[in-house]
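Spelled out from the first residue to the last, the chains are:
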Amino acid sequence: MKVAYIFATSGHTASYKLGKMILPQLEAGTHGAQVVGMFFFDDNTYLLRAGDPMGERLANVAAEHGILLMMCDQCALERGLAEGEPGNCVVKGTVAGVKVGCFPDLYAALTGNPPDQVITL
C-alpha cells in the first residue's frame, strides 16, 4: 500500500507523530506502507528548515526512498521558508529536496506515483 501524509494540525503533530513514530519506522524499514509524499501546513513547515535535526533525517530518508516533501506555499512564505508569491515561489533555507506549492502542485507531483491512501495528521 502507498500512502501520503498531510501534516495539517498544530502542536506535536510533526515532532511527535512524525518524529517519534513514522520517521524511526521509515529509517528502520518497518513502517509497513510505502510513503510516497508528505505535505506540511502551518508551523509544521518549520520541521523542514535547514539544520533541523529531524528535518535532516527526514530529507535523507526521502532521498533514499523517493518520498516527496512539500510545504504549503502560503505557509512557507509567511514563515520565511520560501520567496516569491503564492502560486509562484521557491523554497529558501530548507533541507534538501523540499518542494513548495499548493494542492494542484501536490497532485501534479504525485501523479507519477499516486498514493492509495491519504492520511491527515
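What you see is a predicted model, and the numbers here were worked out from it, not measured in a lab. Sequence order as written defines the numbering, with residues in each chain counted from 1. Local features in this predicted model are restricted to residues of pLDDT 70 or higher, and side-chain atom pairs are both shown and tallied only at a pLDDT of 80 or more, whereas totals for entire chains, interfaces and linings draw on every residue. Excluded from the side-chain calculation are hydrogens and water; included are all heavy atoms of the structure.

**Notes on the overall build of the protein**
Secondary structure elements are defined from DSSP: runs of H or I of at least 4 residues count as helices, runs of E of at least 2 residues count as strands, and each element is numbered from the N terminus. Within the protein, the regular secondary structure consists of four helices and seven strands. Reading the protein from its N end, one meets helices and strands in the order β-α-β-α-β-α-β-β-β-α-β. For 121 residues, the compact-globule formula gives about 14 Å, and the C-alpha radius of gyration of the protein, at 13 Å, lands near that figure. Projecting the C-alpha coordinates of the protein onto the three principal axes gives extents of approximately 40 × 30 × 25 Å. Each residue's exposure class comes from its accessible area (1.4 Å probe, protein chains only) as a fraction of the maximum for that residue type: buried when under 20%, exposed when over 50%, partly exposed otherwise. Expressed as a percentage of its 121 residues, the buried residues of the protein come to 42%. Working note: accessible area of the protein is about 6,200 Å², and carbon and sulfur atoms make up 52% of it. Seen as two clouds, the 8 positive and the 12 negative side-chain charges of the protein have centres 6 Å apart. Put simply, the radius of gyration uses C-alpha atoms, and a globule should come to 2.2 Å times the residue count raised to 0.38. Using a 1.4 Å probe, accessible areas were evaluated by the Shrake-Rupley method; residue-level cover was limited to the displayed protein chains. Counted as positive: Lys and Arg. Counted as negative: Asp and Glu, with His and the chain ends omitted from the count. A charge is said to be at NZ when it belongs to Lys, at CZ for Arg, at CG for Asp and at CD for Glu.

**Points about the state of the cysteines**
For the purposes of this analysis, a disulfide is any pair of cysteine sulfur atoms at a distance within 2.5 Å. What the rule picks out here adds up to zero disulfides. Cysteine Cys 72 is unpaired, with the sulfur of Cys 75 as its nearest cysteine sulfur at 3.1 Å. Here Cys 72 falls in the buried class, since its relative accessible area comes to 8%. In this structure Cys 102 is a free cysteine whose sulfur lies 6.1 Å from that of Cys 72, the closest cysteine sulfur available.

**Some words on the side chain of Asp 52**
Within the secondary structure layout, Asp 52 lies in the loop between strand 2 (34-40) and helix 2 (53-65). Salt bridge, as used here: a side-chain nitrogen of Lys or Arg that lies within 4 Å of a carboxyl oxygen of Asp or Glu. Arg 49 is the oppositely charged side chain nearest to the buried, salt-bridge-free Asp 52, at an N-O distance of 4.4 Å. Here a polar contact is taken to be a pair of N or O atoms separated by no more than 3.5 Å, where protein atoms must pair a possible hydrogen donor with a possible acceptor and residues adjacent in sequence count only if both atoms sit in side chains. Within polar-contact distance, the side chain of Asp 52 engages the backbone nitrogen of Gly 55 at 2.8 Å. Here, residues are in contact when the closest pair of their heavy atoms is within 4.5 Å. Among all residues touching Asp 52, those that are not within four sequence positions of it are Tyr 46 and Leu 47.

**Side note on the pairing of strand 2**
With six of seven residues buried, strand 2 lies mostly within the body of the structure. In this scheme, strands are said to pair when DSSP sees at least two bridges between them. Summarising the sheet, strand 1 (residues 2-7) and strand 2 pair through six bridges and their orientation is parallel. Of the residues in strand 2, the one forming a bridge with Phe 7 is Phe 40. Assignment of crossover handedness uses the view with strands pointing away from the viewer, where a clockwise path from the first strand over the helix to the second indicates a right-handed crossover. On the question of chirality, the crossover connecting strand 1 to the parallel strand 2 by way of helix 1 (residues 13-28) is right-handed. Direction of pairing for strand 2 relative to strand 3 (residues 68-72): parallel, over a ladder of four bridges.

**A word on the nonpolar core**
Counting 28 residues, the largest nonpolar core has Leu 18, Met 38, Phe 40, Leu 48, Leu 58, Ile 67 and Leu 69 as its most contacted members. Looking at this core, the elements with two or more residues in it are strand 1, helix 1, strand 2, helix 2, strand 3 and strand 6 (98-101). If you look at the next biggest cluster of nonpolar residues, it comprises eleven residues, including Ala 4, Ile 6, Cys 75 and Leu 110. Nonpolar core, defined: a set of buried Ala, Val, Leu, Ile, Met, Phe, Trp, Tyr and Cys residues in which side-chain atoms within 4.5 Å join the residues together.

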